[in-house]
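Single-letter residue listing:
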Amino acid sequence: MFLSKTAHLDHATQHSAQRLSTLLSFFSLGLSTAAWAPLIPFAQQRLHLNHADFGTLLLCIGAGSMLAMPATGLLIQKVGCRAIISVAVLLLLVVLPSFALTSSILIMAIALFLFGTAAGSLGVAINLQAVMVEKYSAKSMMSQFHGMCSLGGLAGVMTVTALLAAGVSPLMSALAICSLLVILSVIAVPNSLSVIEKEQKAEIAEDESKTRKLPNPLIILMGLVCFIAFLSEGSAMDWSGIYLISEYGVKPTVAGLAYTCFAIAMTLGRFAGQYLIKALGEKNIIIYGALCAAFGLLIVVAAPHWTVVLLGYALLGLGCSNIVPVMFSRVGRQNVMSKAAALSCVSTMAYTGSLLGPALVGISSEMMGLTMVFTLIAALLSMIALLNHFTQVKTC
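Residues numbered from 1 in each chain as written. Predicted model: local features only at pLDDT ≥ 70, side-chain atom pairs only at ≥ 80, totals over all residues. Heavy atoms only, no water.

A.B. asks: It is not clear to me how the overall build of the protein should be interpreted in this structure. Could you clarify?
C.D. replies: Counting secondary structure elements, the protein contains 16 helices and 0 strands. The 396 residues of the protein split such that 56% are buried. Restricting to contacts in the protein with at least 6 residues of sequence separation, those with at least 24 account for 85%. Working note: accessible area of the protein is about 15900 Å², and carbon and sulfur atoms make up 71% of it. (Helix = DSSP H or I, 4+ residues; strand = E, 2+ residues; numbered from the N terminus. Buried < 20%, exposed > 50% of the residue type's maximum accessible area, 1.4 Å probe, protein only. Contact = heavy atoms within 4.5 Å. Areas by Shrake-Rupley, 256 points an atom, 1.4 Å probe, with all protein chains shown as cover.)

A.B. asks: For this particular structure, what's the right way to read the pattern of salt bridges?
C.D. replies: Any two side chains of opposite charge can pair, given that their charged atoms come close. This model, assessed by the stated rule, comprises 1 salt bridge. Of the charged contacts in the structure, one is a salt bridge between Glu 282 and Arg 330, with a shortest N-O distance of 3.1 Å. With Glu 282 in helix H11 (residues 282–302) and Arg 330 in helix H13 (residues 323–333), the pair connects residues that are 48 residues apart, well separated along the chain. Of the two residues, Glu 282 and Arg 330, neither departs from the other in class, the shared state being buried. (Salt bridge = Lys/Arg side-chain N within 4 Å of Asp/Glu carboxyl O.)

A.B. asks: Where do I start with the environment of Val 331 in this structure?
C.D. replies: Relative to the assigned elements, Val 331 resides in helix H13. For Val 331, a relative accessible area of 1% puts it in the buried group. Along the backbone, Val 331 and Leu 218 are 113 residues apart, and their C-alpha atoms lie at a distance of 9.3 Å. Dropping the residues within four chain positions of it, Val 331 is found in contact with Met 222, Lys 339, Ala 342, Leu 343 and Val 346.

A.B. asks: Hey, could you run me through the nonpolar core in this one?
C.D. replies: Counting residues in each nonpolar core, the largest one holds 123 residues, and the members touching the most others are Trp 36, Phe 99, Phe 374 and Leu 381. With near-sequence residues (within four places) excluded, Leu 381 lies in contact with Ile 228, Ser 232, Ala 290, Ala 293, Ala 294, Leu 297, Leu 316 and Cys 320. (Core = buried A, V, L, I, M, F, W, Y, C linked by side-chain atoms within 4.5 Å.)

A.B. asks: I would appreciate a short explanation of helix H16 (residues 370–387) in the present structure.
C.D. replies: Note on helix geometry: an α-helix contains 3.6 residues per turn, so any two residues three or four positions apart are oriented the same way. Here H16 is 18 residues long and its end C-alpha atoms lie 26 Å apart, about the 26 Å a rise of 1.5 Å per residue gives. What H16 keeps buried is the set Leu 370, Val 373, Phe 374, Ile 377, Ala 378, Leu 381, Ile 384 and Leu 387. Buried residues of H16, viewed axially, fall in a sector of 165°; they line one side. Along its buried surface, H16 packs onto helix H3 (51–99), helix H8 (217–248), H11, helix H12 (306–320), H13 and helix H15 (357–368). (Expected span 1.5 Å × (residues − 1). Arc of directions from axis to C-beta.)

A.B. asks: What's the story with a nonpolar patch on the surface in this structure? I'm lost.
C.D. replies: Together, Leu 20, Leu 180, Val 182, Ile 183, Val 186 and Ile 187 give the surface a local cluster of nonpolar side chains, amounting to about 520 Å² of exposed area. A per-element tally of the nonpolar patch places helix H6 (residues 170–188) first, with 5 residues. In this fold, Leu 180 is placed in helix H6. (Patch = residues over 30% accessible without salt bridge, like charges linked within 9 Å, V, L, I, M, F, W, Y side chains within 5 Å.)

A.B. asks: Please clarify how the side chain of Ser 21 should be interpreted in this entry.
C.D. replies: One can find Ser 21 in helix H1 (residues 2–34). Within the structure, the side chain of Ser 21 is placed 2.7 Å from the backbone oxygen of Ala 188, a separation counted as a polar contact. A distance of 3.1 Å separates the side chain of Ser 21 from the side chain of Ser 192, its partner in a polar contact. For Ser 21, the residues in contact, after removing those within four places along its chain, are Gln 129, Ala 188, Asn 191 and Ser 192. (Polar contact = N/O pair within 3.5 Å; in protein donor to acceptor, adjacent residues only side chain to side chain.)

A.B. asks: Just checking my understanding: could you explain the side chain of Arg 330 for this structure?
C.D. replies: The class for Arg 330 is buried, based on a relative accessible area of 0%. One polar contact links Arg 330 to Asn 388, side chain to side chain, over a distance of 3.1 Å. Beyond its immediate chain neighbours, meaning those up to four positions away, Arg 330 contacts Met 222, Glu 282, Lys 283, Ile 286, Asn 388, Thr 391, Gln 392 and Val 393.

A.B. asks: Where do I start with the packing of aromatic side chains in this structure?
C.D. replies: We describe a pair of aromatic rings using the distance from one ring centre to the other and the angle between the two ring planes. Enumeration over the complete set of coordinates arrives at 7 aromatic pairs. Residues Tyr 259 and Phe 262 carry aromatic rings whose centres are separated by 5.5 Å and whose planes lie at 20° to one another, so their mutual orientation is stacked. One end of the pair is Tyr 259 and the other is Phe 262, both in helix H9 (residues 257–271) and 3 residues apart, which spans about a single turn. Accessibility assignment for this pair places Tyr 259 and Phe 262 in one class, buried. Following the ring pairs from residue to residue traces out a cluster consisting of Trp 36, Phe 99 and Phe 115. (Phe/Tyr/Trp six-rings, centres within 6.5 Å; stacked < 30°, edge-to-face > 60°.)

A.B. asks: Mind showing me how you'd approach H12 here?
C.D. replies: When the terminal C-alpha atoms of H12 are compared, their 21 Å separation across 15 residues agrees well with the 21 Å that a helix rising 1.5 Å per residue should span. Residues of H12 that are buried: Val 309, Leu 310, Gly 312, Tyr 313, Leu 316, Gly 317, Gly 319 and Cys 320.

A.B. asks: What's the story with the packing of helix H4 (residues 105–135) against helix H5 (residues 142–165) in this structure? I'm lost.
C.D. replies: Packed helix pairs are specified by the crossing angle of their axes together with the interaxial distance, meaning the distance between the axes. H5 packs onto H4 with a crossing angle of 145° between their chain directions and a minimal axis gap of 10 Å. In the packing of H4 onto H5, the handedness of the crossing is right-handed. Residue-level contacts link Asn 127, Ala 130, Val 131, Val 133 and Glu 134 of H4 to Met 142, Phe 145 and His 146 of H5. (Axes fitted to C-alpha atoms, helices over the stretch in contact; angles between N-to-C directions. Left-handed = near helix turned anticlockwise from the far one by under 90°.)

A.B. asks: I tried to follow the confidence of the model for the protein on my own but got confused; where do I start?
C.D. replies: Note that predicted coordinates carrying low pLDDT should not be read in detail. Mean pLDDT over the protein works out to 83, with 90% of the residues at or above the 70 mark. Taken element by element, the predicted model of the protein shows its lowest mean pLDDT in helix H7 (residues 198–207) (48) and its highest in H12 (93). A low-confidence stretch, residues 204–212 stays under pLDDT 50, and its non-local contacts, those more than four residues away or across chains, total 12 contacts. (pLDDT = per-residue confidence, 0-100.)

A.B. asks: It is not clear to me how the packing of H9 against helix H10 (residues 273–280) should be interpreted in this structure. Could you clarify?
C.D. replies: Across the interface, H9 lies against H10 with an axial gap of 4 Å and an inter-helix angle of 60°. As summarised for this structure, H9 and H10 are arranged oblique, according to the angle between their axes. Every residue of H10 that contacts H9 at Gly 269, Arg 270 and Phe 271 is listed here: Gly 273, Tyr 275 and Leu 276. (Parallel < 35°, antiparallel > 145°, perpendicular 65-115°, else oblique.)

A.B. asks: Where do I start with the environment of Phe 227 in this structure?
C.D. replies: With respect to the helices, strands and loops of the structure, Phe 227 is situated in helix H8. Between the C-alpha atoms of Phe 227 and Ser 347, which are 120 residues apart in sequence, the distance is 8.9 Å. Not counting residues within four places of it along the chain, the set of residues in contact with Phe 227 comprises Met 349, Ala 350, Thr 352 and Gly 353.

See the structure below:
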């Protein structure tokens, strides 16, 4: 009896540690990727590139992520989440300072490729860990996990923006983020899932018969919704500062305010996600969120003053906040594919939107302007309300 109670307590303690590790890992992903946003105008000016050339350079991020994410889905069943998370964090620690140093297009391209590789691998690993941790929890936690990613993004962009505004160099600002990332990793990595548990391996083997050579249409649609949402987030991260500078003449040191407003609204929306889902339901929160995000982006393109642009980005962040967490929860509940394979597919499509999308924005903007590109993204966001009907999965 006492042994049973002790085993139960040990299991509860282990689960609590894994939950904390997952929360901190999501925070680290948001922190490291968003810290890049305020450095972008400086990088573009240092490299002397126009929108199209800089957008082409950003394709390196997408290339790295698209190669890394499918491979991570296969490797993670053999080496576990901990090894993937460790390597990804080490890569981020190497490449972040290089963004503030190099004046070479070739070195920047390599750094961006490694950045995409690290961010993509980390995203797949922590989302799979989140699905596993949520499975053994009594309540939905996906919005909370993704909320920590947004909170990390908010901390990253605000910290770097504040340091730059105070006159700190881009290099020292990047190193400050690296220091925070090291502290978080020391706590999070040891408690990450080292291997896939036996029962989880058995479940994967049982679901293997459901896995097809091509992903199920339901999974493709979920991935498409996440792609659009992350495309919007990526465009806010990589192009909001440049948009304020090019369209309104805002100084580079404060151009990060646009993404800051986006990140604040997204963070608040995700931490309130659990309550909003209970009040509105999964179906409605996707519909209302998509329409809110589309309206916010339309405000951005029609704003008469740059301060109104900040309001538009806040609405964009609030609208997008719970779209991806709900979709990832649906991936964890669906039974048409192996959950590991489905999650890898959706993660690949989602993070491709975040990492490859901004490059497409840059290339397209040179032909039609950022205003028209943002209008097209607003139209895609409104499509999510329709796609939502075809991605319904029964709640547990």
